[in-house]
Structure formats: structure tokens, C-alpha cells
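Architecture and fold: a report
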Amino acid sequence: MNIQRSTSRTGLASASLAISLALVLSACGPDVTSPSEQPSTGAPEAGESAAPSTDPNMLQAPTEASPSGEITIWDRSGDLYEVFDGAIAAFNERYPDITVHHEAVDIDAKLQNTLITGADVPDGVFLDDAKVAGFADFLWNTADVLAPYADDIAQQKLDVNSSSGGIYGVPFDSNPGLLWYNATALESAGVDATTIQTYDDLLDAARAYQDAVPGSAPIHLEQSPFLGQLQLEMYASQLGTSIADADGNLRLDSPEYRQILGFLDTVNSEGLGTRAEYLSPSDIPELENGNQVFYPWAIWFSFAPQQLLTETLGDWRAMPLPAWNDGGARSGAMGGSSFVLPRDGANSELAWLFYEFLMFDPAGYAAVWGPNDIYPDGLNTSIPSYGPAADPQDALFAPVDALGGQDLWLVATDAAAEIPGSVPTPTWWAGAVDYLGNDLQRMFDGDLTPDEVISNSTSDIQVNLVDRK
Amino acid sequence: MASLTRFSSKRRIAPYVFVLPFVVLFLAFSVYPLIFTARLSFTNWRGSGAAQWVGWDNYQYLLTSSQFWSSLGNSGVLWLLIIPVQLVIALLAAVLLDNARLRARGFYRIAFIVPFVMPLVAVAQIWVVVFDTKYGAVNAVLNAFGIPDVGWLTTTTWSKPALALLFIWKTTGFIVIILLSGLQSIDASLYEAAELDGAGRLRRLWSVTVPLLRRTIMFAVVLQTLAVFQMFAEPFVVTQGGPYGSTTTAGYYLYNHITRADLGTGAANSFLLVIIVMALSLVFVRMLRPKD
């Protein structure tokens, strides 16, 4: 009896301890509000403008004559990391008392958790434009510090960095869409690519090339759902539209998207398209063997002729994209990145000085895009989004040997000037790939019509992403 | 007397003191995350500010979501493609390696274990190249036999078998080790007795080896079931969950919620997965437990 009483007392004590522990632990974590309360994020609400004098998230530039401190800057590993690393010396000539800890980080994998936990938060981060709005709650509003430069920054870059009345990134590059073409192959086939003004002209040129080179499929059709959606948005950008409007409302169901999808469907159904993932093992041979001679893509395709397309070295050229309508814009934005400044960074105001130097100071942007140890002829996979830096008459990078000595700077800066204004990228943009990106591929498979792509994607995105924001 | 009492109470407390470090770590890294996740699963939280209480909304969304059930279905199909095949291969390999007369046994053991220790991402990248539709080695071999190109990674029909093959190639060595250790615990006299009774090799395998390995096989099945339903890196690197979500496994679908900062739904998703995988594991344990 004593043993049983002792056992039941022990069990009761254990159960009580477990319940108490559960209650204590459950108190940890974020505050939970009821559905009627709006959770406060610190950022201005949709529709509100962030008044500089009242927005607690507005970054202010340092006022000291010689600011000092240490900053931690995150960049993705790769060539751009090396380029920015090389520019630190030039920055320190201007700001000798700021020490830059430059770290190569898998930003996509680490940033979200770092910002949520607030542990070891960097002062500045390189981030895809499409992701800036999603992290706005954690970032400084840079509208005030950007104000002196805003009139000269490409409107599209300001727009994609804007969210709820604030600007949450420092625009880095402009990525104008261009029409890359194999001039040698086209000339051999008797097709003059320079006469292409509209997408109808492009179709005609592709048909003529196919007649001359039977079995060819001249125009690239992207097979990756993510990049396919990105390319679709490039086409949409040309037409001054995008997947969602400034309020985050879907606008896929529009004449613009019907026109774009109609064009892509025509390319596919007439057998004029080579369907492959961007620069994949399936794509590169088709570029080298003359099967695929038109590649509507961002300026960063320039990497391919210089590094990958050894057999067609010197054959490729770039020109502005065709227009959707006579006299229409000859370029749209495809991708792009900016720099963001986390509010939890210890010295984010000093990190602003770093980015201000790189983007808006002649010595800075020359260090990035001009000749350097990494790129002796300059960085030519993007151009600055800051007007004075992207002067067509004052090239930062040299003509590209792999493009037959073409002045890519002139082509790209002229094209970028035609990109219409835009709106912030919705936070659910990447999630839309499961719907719109996949449906686009299904259209290429012949399973969906353009109208079905629009109706299916609209419905799925609305239910699964927009309504669950 | 007082010193005896003190000594006695120290002896009673001592075990608790010894397990305290484990308990602290267990509370911090297992219990707390579990409770945090449970609480999160009833909220809409994107990582900043207060979380909004939504009750069962996240669970309701998932249980009525075709994508959620599709991801479970994908994991289920992968399970069917992987586990039976892998068990047979691993068992035969373990029996082979257990044979004392096998020459170069060390070489075969290394050959089986090398894939397991190779970095998964590197192997997955090789898979992308080897199984490429137009220029991959696999289709080149098939073409040599007059078989047209197969869209291994680009069609919904073949993407799952291609991933299953990767998983089998990568992890069978580990299962071989598990089964081999079980084999080596079987008394050799049982085989002798069976041989004396006229049982051939296959008969001995089926009537002696397999029954006595039931517990080990059960362990391997439960382990691999967990691995299949948590499978993430393979579809992430090789197919990005495509084409058309056909290789979006339960683990990959969960990852999508988290990367899109839909943390409440992700938390609910993880709890549903725990329940489903636990239920499956209990089924297998019951089916495969020895009949003694």
C-alpha cells in the first residue's frame, strides 16, 4: 500500500512538473494576438506613407566627419564577392576608420533565420530584388538617405525596392533584357537580325532561319519553371506590367499577358523553340551547333559567350529586345539585386556609407564595374542602376571580345533607359512558381492554352498565396 | 546517524545529477522546439512582430490542399519504388558479404559503402548530368540499343524513378551494414542443420535467414521510411520538386512553407507529418515483428 501510494505520488509529481514545464516553455516565443488585433511589425501599413520624421525605421546617415566602426557585409560567394572585396580598398581610402568584414554567405539559406533570431545580424546584405519586399519588416527604410540620388536612379529599381511607402533596399544593378543572337549563323542563313524591331519580326526571322537550316529551333524557350517565370516577367516589364499591382492584387488576367503567352505558344507550336534550362548540358550544345540562335535574356547571358560557348566564340551579339508593339519599349527588367540594411545590424548606418560609395561615388562604381583584378575588362554582366554611372557615352567596361568586340555597354545602357517603371515585387512571387511557372511549362507541353495558364494560375495563386498572406 | 542520512540522500540525488546535462539539452533542443512549433502551428506568423492566432486554420488548409496530399503521395510512391527494391538488394549483398569464401570481400564492402559517404549534393549534380535527356550518358547507352531518349528528369513518369535510383544507390550501403550485423549474429549451426535437412541455398535464405532477421529488417524499414518521408536534398538539387511538383516530397513541401516565411503553416505541416510517419512506423513494426 505504501509503495502504491508512493508510486502514485511520484506519478502525480511528474505529471505536474511536465505540465508546469510545458506552460513555462509555451510562454517563450512570439507574442500571439487574436484575429481581431493587427500584429505590429514596425513597418508602415499598406497604403500609408512613411513620414520621415515619424517613421522609427527610417535610416539616418552618420553625421561625423570621419565615421568609425566595424561593419559586417554579406555577399553571395562567387565572382561578385571577389569584385566587391576588391572595392573595399577604394572605400577605405575615403573612410579609413571603417573596418569592413566581408563574408561570403549562402544568403538564401541563412538570411531569414538570422533576421528572425536576431543573432549575429550583418550590417549589409546583397539580396535579389524579388526578395526585398518579403524582408521589409526587418530592414531600415532607406528613403531619406537615398533622397539625394533618387531622381537619377532607374525608376524600375526604386519601384521594386519599395514596400508600403518606404524604400527598403539600395539599388545595385540594372539587368536589361536583350536579344542575344548568333550573328554568324544567321548571316550564313541569309537572315539579318538587325532588322528585327518587333516580336512579329522575330517570328519571321526564326521562320526564315528554320527554312534555311531545317531541323533548327531558333528561339530559346526556358524549361526551368523559376527562370521561365522570371523571363515572363521580363516580357511583362516591357509592357509596363507585372504579376501584381502596387497593392498586391493579381493582374495576370490582362491583354498584356495574353499577348506574351500567345507569342510563346506560337513559338512552341510552330516548332520554332528550343526548350532547355538556361545554360544546362542540354542548352549549351544547341547554342554551339547553330540550332538555337535567338536568346531573349538579361544582360547576364553575356557570361555564356565569354566562358561557355567556346565553339561559337565571337559569333554572338546583343541588341535590344524586340518591342511588343511598334514604337514600344525595347527592354524589360529581368532579375536584379540590391543591398539591404537590417535594423538589427550593429552599424547599419556605416554599411550605408559603404553602399553609398559603391553605387553613387565615381570611384566606387568604377571599382565595381570598371577594370579590376577579377575582370580586367570590367564587369559586364550588369550595368549600374544609377544614371550618372550608366552614362552611355562613358563606358565603365570595355567592348567584349567574345561578342566580336561589340560595345555591350552602349547596347545595355540604351536598352535599360527604355525599361518602364514598375511596382514592388510581391512577397509571394517565388511561391507563384509552383503555379504560374509550372503552368507555363504545361503550356509548352501542349497541356494548357494561354487562357488556361492565366485562369489556372490566377485561381491557384489567389487561393494559396494572396489570400494566405 | 546524521551522516548516514546525508549519504543516503546524496545517493538518491546522484543519478539525477548525472542525467541533468542530458535533460537540460533535451529540454532546450527537443522539448522547447516541439512546444514552440505546436504553438506556432495555430498562428499566422512570418517571422517578425506578433503572431496572429488562427486556430485550426493552418491544419484545415493543409488537409484540404491538393498540394499537401500530392506531396504525401509522391513520398508514398517513392517509398514503394525504394524500400522493397533496396531491401532485396541489401539482403542479397549482405548475404554475399557474409560468405567467408568470397574473395576480395574488403573491396566489395568498400564498393557498397563509398556511395553512402559521398556528399549528397555532389552525387545529385552528377545525376543531373548523367540523366540529362539529350546529352546524358544513360540515354546514350539506351540509344545504342535503339531506345529513344527518356526524359528522366523532365517528365512526370520518370522523375520519381530517377530520384528513387539515386536514393537506392546512395543509401543501400548503409542498409547492407545493418543487415550484415544482423546476419553475423545468426548461429551458424542453424544453417548446418538446415543443410543437413536438405535445404538448398534459397530455402535456407527464406526459411532461416529472413525469419531470424525480422527485427533487423524491421529496424531498416522504419529507418528508411523516416528517411523517405523526410527526403529533401535529392529533389531540391536534382529536380527542384518538379516537373510539375511530381517530385515535391513531403519534406520538400514543408521546406517551401518555411522559405516563404509561412511559418505557421510549416509548423502545422511538420506536426501532420510526424503523426503520419509515426502511424506508418507502427504499422511496419506490427507487420514485421517476429512471431515468437
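Being a predicted model, the structure only gives us computed values, none of them experimental.

**Overview of the overall build of chain B**
When helices and strands are counted, chain B shows 13 helices and two strands. Against the 2.2 N^0.38 benchmark of 19 Å for 292 residues, chain B shows a C-alpha radius of gyration of 25 Å, more extended than a compact globule. The principal-axis extent of the C-alpha atoms belonging to chain B is close to 70 × 65 × 35 Å. With 292 residues in all, chain B has 33% of them scored as buried.

**Looking at the overall build of chain A**
On a plain count of helices and strands, chain A comes out with 17 helices and 15 strands. Put simply, of all contacts in chain A between residues at least 6 apart along the chain, 77% involve residues at least 24 apart.

**A look at the pairing of strand S11 (residues 273-276) of chain A**
Residue and element names in this part refer to chain A. On S11, burial covers both faces: Gly273 and Arg275 on one face and Thr274 and Ala276 on the other are all buried. Pairing of strand S10 (residues 219-222) with S11, which is carried by four bridges, proceeds in the parallel orientation. For leucine 221, the partnering residue across the bridge sits in S11 and is arginine 275.

**Observations concerning the environment of B:Val283**
All names here are of chain B. By the secondary structure assignment, valine 283 is in helix H13 (residues 263-288). Judged by the 12 C-beta atoms lying within 10 Å of it, valine 283 falls in the exposed class. The spatial distance from the C-alpha of valine 283 to the C-alpha of valine 222 is 9.6 Å, given a sequence separation of 61 residues.

**A closer look at the sheet that holds strand S2 (residues 51-53) of chain B**
Read across the open sheet, the three strands follow the order S1(A)-S2(B)-S1(B); overall the sheet is mixed. Pairing within the sheet leaves two strands with one partner each, and these edge strands are strand S1 (32-33) of chain A together with strand S1 (43-44) of chain B.

**Thoughts on the sheet that holds strand S14 (residues 337-340) of chain A**
Residue and element names in this part refer to chain A. Spatial strand order, S3-S2-S4-S14-S7: five strands in an open sheet with mixed pairing. Edge positions in the sheet fall to strand S3 (98-104) and strand S7 (170-171), since each has one partner strand and no second. Here two bridges tie S7 to S14, and the two strands are oriented antiparallel to one another. The partner of valine 170 across the bridge, within S14, is phenylalanine 339.

**Remarks on the nonpolar core**
Looking at soluble globular proteins, one finds that nonpolar side chains tend to be buried together. With 135 residues, the main nonpolar core has A:Leu178, A:Trp180, A:Val340, A:Phe354, A:Ala412 and A:Ala432 as its most contacted residues. If one sorts the elements of this core by residue count, helix H13 (residues 348-360) of chain A sits on top with 10 residues. Taken domain by domain, the makeup of this core includes at least three residues from each of domain 1 (69-175 + 335-390) and domain 2 (178-334 + 412-466) of chain A. Each residue touching A:Phe354, except ones within four places of it in the same chain, is listed here: A:Ile71, A:Ile73, A:Phe91, A:Val100 and A:Gly124. Counting residues in hydrophobic clusters, the runner-up holds 45 residues, among them B:Phe68, B:Ala90, B:Leu163 and B:Val221.

**Description of the packing of helix H3 (residues 66-98) of chain B against helix H12 (residues 250-259) of chain B**
Residue and element names in this part refer to chain B. In the contact formed by H3 and H12, the axes pass within 7 Å of each other and the chain directions differ by 145°. Where H3 approaches H12, its residues Gln67, Phe68, Ser71, Leu72 and Ser75 are matched on the opposing element by Ala250, Tyr252 and Tyr253. In terms of residue class, the contact of H3 with H12 is made up of five nonpolar, three polar and no charged.

**Remarks on unusual backbone geometry**
Trans is the common state for peptide bonds, and a negative phi is the common state for residues other than glycine. Note the cis peptide between B:Gly242 and B:Pro243, where omega equals -5°. Here B:Pro243 is to be found in the loop between helix H11 (233-238) and H12. The backbone of A:Leu279 shows a phi angle near 55°, a positive value even though the residue is not glycine. Tracing the sequence through the fold places A:Leu279 in the loop between S11 and helix H11 (283-288). Located in the positive-phi region is B:Ala104, a residue other than glycine, with phi close to 55°. Tracing the backbone through its elements, the reader meets B:Ala104 in the loop between H3 and helix H4 (105-117).

**A short note on the interface of chain B and chain A**
With 27 residues of chain B at the interface, the matching set in chain A holds 33 residues. Among the secondary structure elements, those contributing two or more residues to the side of chain B that touches chain A are helix H1 (2-40) and S2 of chain B. With five residues, H1(B) is the largest single contributor of residues to the side of chain B that touches chain A. Split into classes, the residues belonging to the side of chain B that touches chain A amount to 14 nonpolar, eight polar and five charged. Relative to S2(B), S1(A) runs parallel, the two sharing two bridges.

**Regarding helix H3 (residues 107-117) of chain A**
Residues and elements named next belong to chain A. The complete set of buried residues in H3 reads Ile107, Leu111, Gln112, Thr114 and Leu115. The secondary structure elements touched by the buried residues of H3 are strand S2 (69-75) and strand S4 (124-128). In the stretch just after H3, glycine 118 is the one whose phi turns positive, near 70°.

**Looking at the packing of H13(A) against helix H14 (residues 362-369) of chain A**
Residues and elements named next belong to chain A. Their axes nearest at 5 Å, the elements H13 and H14 cross at an angle of 75°. When the axes of H13 and H14 are compared, the pair comes out roughly perpendicular. Within the contact between the two elements, H13 uses Phe357, Leu358 and Met359 and H14 uses Gly364, Tyr365 and Val368. Residue composition of the contact of H13 with H14, by class: five nonpolar, one polar and no charged.

**Re the domain arrangement of chain A**
All names here are of chain A. Along its sequence, chain A is organised into domain 1 (69-175 + 335-390) and domain 2 (178-334 + 412-466). Spacing between the C-alpha centres of domain 1 and domain 2 amounts to 28 Å. Every contact between the two is made by 20 residues of domain 1 and, on the other side, 21 residues of domain 2. Among the secondary structure elements, those contributing two or more residues to the side of domain 1 that touches domain 2 are helix H4 (129-132), helix H6 (155-160) and strand S5 (162-163). Looking at the side of domain 1 that touches domain 2, the element that brings in the most residues is H6, giving four residues. Counted by class, the side of domain 1 that touches domain 2 contains six nonpolar, 12 polar and two charged residues.

**Notes on the confidence of the model for chain A**
Confidence along chain A averages 91 in pLDDT terms, with 90% of residues attaining 70 or more. Low pLDDT, under 50, characterises residues 38-52 of chain A; the predicted model gives this stretch 39 contacts beyond four residues in sequence or across chains.

**Some remarks on the environment of B:Phe219**
By the element assignment, B:Phe219 lies in helix H10 (residues 214-230). Note: C-alpha distance between B:Phe219 and B:Val285 (66 residues apart in sequence) is 8.1 Å.

**Describing the pairing of S3(A)**
Here S2(A) pairs with S3(A) via seven bridges, running parallel. Bridged to A:Gly69 within S3(A) is A:Ile98.

Definitions and cut-offs
Residues numbered from 1 in each chain as written. Chains lettered and ligands numbered in written order. Predicted model: local features only at pLDDT ≥ 70, side-chain atom pairs only at ≥ 80, totals over all residues. Helix = DSSP H or I, 4+ residues; strand = E, 2+ residues; numbered from the N terminus. Rg over C-alpha atoms; globule rule 2.2 N^0.38 Å. Buried ≥ 20, exposed ≤ 12 C-beta atoms within 10 Å, placed from the backbone. Contact = placed C-beta atoms within 7 Å. Pairing = 2+ DSSP bridges. Core = buried A, V, L, I, M, F, W, Y, C linked by C-beta atoms within 7 Å. Domains from an automatic or database assignment. Axes fitted to C-alpha atoms, helices over the stretch in contact; angles between N-to-C directions. Nonpolar A, V, L, I, M, F, W, Y, C, P; charged D, E, K, R; others polar. Parallel < 35°, antiparallel > 145°, perpendicular 65-115°, else oblique. pLDDT = per-residue confidence, 0-100.

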